[in-house]
Amino acid sequence: MNSRAYPRDRQVEALARGLGWFSLALGAAELLAPERVAAVIGVRPQRRTLNLLRAYGAREIAAGLAIFAAPRAAAPLWSRVAGDAVDTATLLGWSADADSDRQRLGVATAAVAGVGVLDLVCARQLQDQAAGAPPVSRRVHVERVTTLNRSVEDVYRYWADFRNFPRFMRHVESVELLGGNRSHWRVSAPAGMTVQWDAEIVEQRDSELIAWRTLPNADVEHSGTVRFTPAPGARGTEVRVALDFAPPAGRLGRSIAWLFRKDPDQQLHEDLRRFKQLVESGEIPLSEGFMLWRPGQPVANPEDVRSLAGVRS
Amino acid sequence: MKATCWMGTQQVQVVDVPDPQILNPRDAIVRITATAICGSDLHLYNGFIPGMRRGDVLGHEFMGEVVEVGSAVRTLKSGDRVVVPFPIACGNCSQCEREMYSLCENSNPNAVMAEKLWGYSPAGIFGYSHLLGGFAGGQAEYARVPFADVGPIKVPAHLSDEQVLFLSDIFPTGYMAAEACNIQPGDTIAVWGCGPVGQLAIASAYLLGAERVIGIDRFPYRLRTARERAGAWATINYEEEDLHESLMELTGGRGPDSTIDAVGLEGHAPGLHGAYDRVKTALMLETDRPAALRQAIMECRSGGTVSVAGVYGGFLDSFPMGAIVNRSLTIKSGQTHVHRYTRPLLDRIERGEIDPSFVITHRMTLAEAPHGYDIFSHKEDGCLKVVLAP
Ligand SMILES: NC(=O)c1ccc[n+]([C@@H]2O[C@H](COP(=O)([O-])OP(=O)(O)OC[C@H]3O[C@@H](n4cnc5c(N)ncnc54)[C@H](O)[C@@H]3O)[C@@H](O)[C@H]2O)c1
Ligand SMILES: [Zn+2]
Ligand SMILES: [Zn+2]
């Protein structure tokens with residue numbers, strides 16, 4: 001059968017994200033509980049020391065956020081490497097103070113050094129990847145799969161009606177059936193832009209497969225396939241989606257391509273999850289605190305929750 | 001309405017927030033009549049669980065009266081008196097079909113965050129961090145309950161709020177922890193932690209046929225409740241006696257047949273081990289302090305089961321895997337699949353086999369929630385379980 005290697009660039013990205021979490025957690029501790037951090041690393045909690053720890057905490061958080069904003073970029077990792085150097089220097093400085101706990105400081109310094117090595121490795125690899133990456137005009141291929149606890153017929157039927165797409169595809173605003181095998185798509189893009197295309201079905205086999213491609217003059221030229229297969233042992237239906245984006249043409253095309261390329265994998269993963277939620281449970285779950293964008297606290301206007309989550313009512 | 005909000009580590013405040021509204025067809029709104037503070041809330045309070053935001057409404061143990069239902073809810077109507085399970089479950093996915101409700105594949109809108117930390121996402125939970133959905137919790141006057149046609153269980157009028165409230169969490173949790181031990185005739189079960197979960201694990205182990213149950217803690221008032229109310233055959237105060245020696249003595253050198261960790265990630269440990277975990281957690285090299293879990297593994301007899309009801313959030317250190325492999329131990333764990341237990345355990349309460357309200361020591365108004373958190377967290381004023389009435 002089909003085996004899928006775990007691409008190396010994803011491993012590096014995972015490491016970067018791990019370091020991002022680490023930055024956020026350490027930063028939060030330094031910012032919010034500098035006394036505790038001081039106690040642990042074995043320095044006297046003077047006001048100057050605590051302020052320094054708070055400042056370092058803010059730096060860590062900034063580094064963490066920068067990593068999450070662009071987990072494939074090397075720059076935030078290099079700034080972490082620089083931060084590690086500053087930390088090490090500071091710790092070594094403190095260990096010269098008479099009232100510090102040398103043993104604890106030693107442990108802390110070793111820990112910083114260890115993380116520093118990881119930062120360095122990660123920064124280097126991301127940089128190499130960026131250097132070796134093909135130019136922006138590359139084709140992009142994305143594939144994702146999910147399993148639904150429903151019969152192949154049910155799942156196929158829901159997907160085959162493209163008018164359902166705006167319900168689960170975050171960026172799809174509307175799909176209009178034009179007759180024949182054709183449909184017209186409106187998709188939202190950043191900065192309030194909308195992109196459009198006409199698509200035609202090139203192959204369709206009941207409860208098995210649908211393949212489509214865009215017609216000439218599409219804002220985003222692409223093709224796609226979705227396959228439905230029964231999962232073993234009555235585990236429902238596996239849905240596999242593959243998308244291919246053509247090299248972009250023109251200025252609009254490039255900015256759009258940039259959008260889809262930012263994390264097309266993750267976007268498709270999320271859209272498929274919503275497809276599963278909708279088909280299995282009849283709705284897409286909504287919480288008051290979507291991601292970390294607002295507190296988990298009721299809102300005066302429910303539309304605020306829907307629009308954050310990108311769910312159309 | 002008034003709601004108890006997390007405002008930072010060891011800070012909760014009761015503040016005014018908008019009333020919840022129906023967001024989805026399967027939602028219901030419940031006017032809360034009783035809600036409790038859980039040991040799990042303490043992990044949020046003390047800042048051990050990531051993904052909290054200032055202003056998050058806390059609380060996952062609650063019950064009340066249905067005041068509004070969404071268009072797709074046919075099983076409930078306004079006026080119904082219900083207890084709400086703490087995990088949110090759709091009832092349709094394959095995990096729900098297997099009755100693994102706390103693993104519902106569809107109820108966490110922030111699944112992508114949980115996947116990063118844990119590989120896959122479990123179910124959403126009320127008031128339990130954005131990792132588990134960012135849902136507003138139930139220590140409030142009202143709550144929105146998603147998938148209300150699956151979770152809430154109607155309770156008969158002749159049972160009081162206090163008798164049925166704990167069907168939302170700690171009674172099923174203690175019960176599931178005991179059930180995981182696969183108790184055989186003659187078994188001795190040792191339970192680490194005599195908090196509310198430990199107490200109900202002890203009582204449940206007897207319901208499930210244990211011969212002897214041993215409670216372990218360091219607070220004398222909790223050990224007394226374990227003996228006098230939960231029915232523990234013996235208790236061990238690990239600060240006053242040597243835990244291992246006492247367990248050997250009580251089990252004839254065989255060791256407990258199964259052990260239950262009802263402590264979780266803030267385990268207390270005296271001496272070197274405790275210092276080790278504290279340093280490591282503060283340095284972020286370890287996120288949890290698994291003192292009790294390590295002991296529950298080391299003390300369990302060979303071939304026995306270690307049932308972990310206590311909550312762990314991240315990564316542990318010095319985990320005795322060697323003992324697990326070489327002594328064929330089974331580890332069972334999970335957030336409780338509450339929906340699976342509400343009906344049978346309500347029946348047990350109705351038949352008078354148990355009254356879980358014995359754990360309640362403090363009754364307060366919602367406005368007093370901050371004080372409730374304070375004494376429950378510090379184990380002051382004989383506090384074992386706080387129930388708030390909005
Ligand atoms: N799995 C679930 O679904 C679920 C549900 C509810 C609660 N929980 C978890 O159960 C745990 C207990 O909850 P609770 O409400 O009883 O909290 P609690 O804080 O009242 O009880 C914990 C008890 O453990 C004792 N303890 C600490 N270290 C110990 C050690 N080394 N040995 C023995 N005892 C020790 C404490 O003294 C305390 O009495 C928490 O981790 C909570 O998150 C899990
Ligand atoms: Zn709880
Ligand atoms: Zn489900």
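As a convention, each chain's residues are numbered from 1 in the sequence order in which they are written. Chains and ligands are labelled sequentially in the order written, the chains with letters from A and the ligands with numbers from 1. The predicted origin of the model limits local features to residues at a pLDDT of at least 70 and limits the giving and counting of side-chain atom pairs to 80 or more, whereas totals for whole chains, interfaces and linings rest on all residues. For the side-chain quantities, the full set of heavy atoms in the structure was used; hydrogens and water were omitted.

## Focus: helix 3 (residues 111–118) of chain B
Then, in step 1: Using a 1.4 Å probe on the protein chains alone, a residue whose accessible area is under 20% of its type maximum counts as buried, one over 50% counts as exposed, and one in between counts as partly exposed. Under the DSSP-based scheme used, a helix requires at least four consecutive residues in state H or I and a strand at least two consecutive residues in state E, with every element numbered from the N terminus. Inspection of helix 3 of chain B places Ala111(B), Val112(B), Met113(B) and Ala114(B) among the buried residues, and these make up the whole buried set.
Then, in step 2: What makes two residues a contact is simply this: any of their non-hydrogen atoms within 4.5 Å. In this fold, the buried residues of helix 3 of chain B make contact with helix 9 (264–281) of chain A.

## Side note on the packing of aromatic side chains
Then, in step 1: Between the rings of Phe, Tyr and Trp (Trp by its six-membered ring), a pair exists once the centres lie within 6.5 Å; its type follows the angle of the planes, with under 30 degrees stacked, over 60 edge-to-face, and the other angles tilted. Within this structure, the stated rule accounts for 19 aromatic pairs over all chains.
Then, in step 2: Ring centres of Phe290(A) and Trp293(A) lie 5.5 Å apart, and the angle between their planes is 80°; this geometry places the pair in the edge-to-face category.
Then, in step 3: Overall, Phe290(A) belongs to the buried group, its relative accessible area being 9%.
Then, in step 4: Here the aromatic residues Tyr156(A), Tyr158(A), Trp159(A), Phe162(A), Phe165(A), Phe168(A), Trp185(A), Trp197(A), Phe228(A) and Phe275(A) are joined through ring pairs into a cluster of three or more.
Then, in step 5: Should the NZ of a Lys or the CZ of an Arg lie within 6 Å of a ring centre and within 35 degrees of the ring normal, that charge is described as sitting over the ring. The aromatic ring of Trp233(B) is capped on one face by Arg212(B), whose charged end is 4.2 Å from the ring centroid.
Then, in step 6: A cation over an aromatic ring shows up here: Lys379(B) above the ring of Phe376(B), its NZ or CZ 4.8 Å from the ring centre.

## A short note on the domain arrangement of chain B
Residue and element names in this part refer to chain B.
Then, in step 1: These domain boundaries are the output of an automatic or database domain assignment. Along its sequence, chain B is organised into domain 1 (2–169 + 336–389) and domain 2 (171–333).
Then, in step 2: Here domain 1 and domain 2 have C-alpha centroids that lie 25 Å from each other.
Then, in step 3: On the side of domain 2, 27 residues touch domain 1, which itself brings 32 residues to the contact.
Then, in step 4: Once two parts are joined, some of their accessible surface, as seen by a 1.4 Å probe, is lost; buried area is that loss totalled over both. The junction of domain 1 with domain 2 conceals about 2,700 Å² of combined surface from both sides, 69% of it contributed by carbon and sulfur atoms.
Then, in step 5: When the buried surface of domain 1 facing domain 2 is broken down by residue, Phe48, Phe358 and Leu384 rank first, second and third, together holding 26% of it.
Then, in step 6: Salt bridges are identified by distance alone: a Lys or Arg side-chain nitrogen within 4 Å of an Asp or Glu carboxyl oxygen. Our enumeration of links across domain 1 and domain 2 arrives at zero salt bridges.
Then, in step 7: Polar contacts, as counted here, are pairs of nitrogen or oxygen atoms within 3.5 Å of one another; within protein the pair requires one atom able to donate a hydrogen and one able to accept it, and residues that are adjacent in sequence qualify only if both atoms are side-chain atoms. Summed over the shared surface of domain 1 and domain 2, the result is 11 residue pairs in polar contact (both at pLDDT 80 or more).
Then, in step 8: Those elements that provide at least two residues to the side of domain 1 that touches domain 2 are helix 1 (39–45), helix 3 and helix 12 (338–350).

## A word on helix 8 (residues 243–250) of chain B
Residue and element names in this part refer to chain B.
Then, in step 1: When helix 8 is considered as a whole, its buried residues turn out to be Leu243, Ser246 and Leu247. Seen from one end, helix 8 has its buried residues packed into an arc of 100°, which puts them on one side. Facing away from the buried side of helix 8 by over 90 degrees, the exposed positions are Glu245 and Glu249.
Then, in step 2: In this fold, the buried residues of helix 8 make contact with strand 11 (188–192), strand 12 (212–217), strand 13 (234–237) and helix 10 (291–299).
Then, in step 3: At the N-terminal boundary of helix 8, the capping side chain belongs to Asp242, with an oxygen 3.0 Å from the backbone nitrogen of His244.
Then, in step 4: Count one or two residues on from helix 8 and you reach Gly252, which has phi positive near 60°. The arc in question is formed by the directions pointing from the helix axis toward the C-beta atoms.

## With respect to the interface of chain A and chain B
Then, in step 1: Taken residue by residue, the interface counts 44 residues in chain A and 48 residues in chain B.
Then, in step 2: Overall, the association of chain A and chain B removes approximately 3,900 Å² of surface from exposure, summing both partners, and the carbon and sulfur fraction of that is 57%.
Then, in step 3: If you sort the residues of chain A by the area they bury against chain B, Glu283(A), Leu292(A) and Pro298(A) come out on top, with a joint share of 15%.
Then, in step 4: Where chain A meets chain B, there are three salt bridges.
Then, in step 5: The salt bridge involving Glu288(A) is made with Arg144(B); its shortest N-O contact spans 2.8 Å.
Then, in step 6: The tally of links from chain A across to chain B stands at 27 residue pairs in polar contact (both at pLDDT 80 or more).
Then, in step 7: Every element with two or more residues in the side of chain A that touches chain B is listed here: helix 1 (8–32), helix 2 (34–41), helix 5 (102–132), helix 9 and helix 10 (302–309) of chain A.

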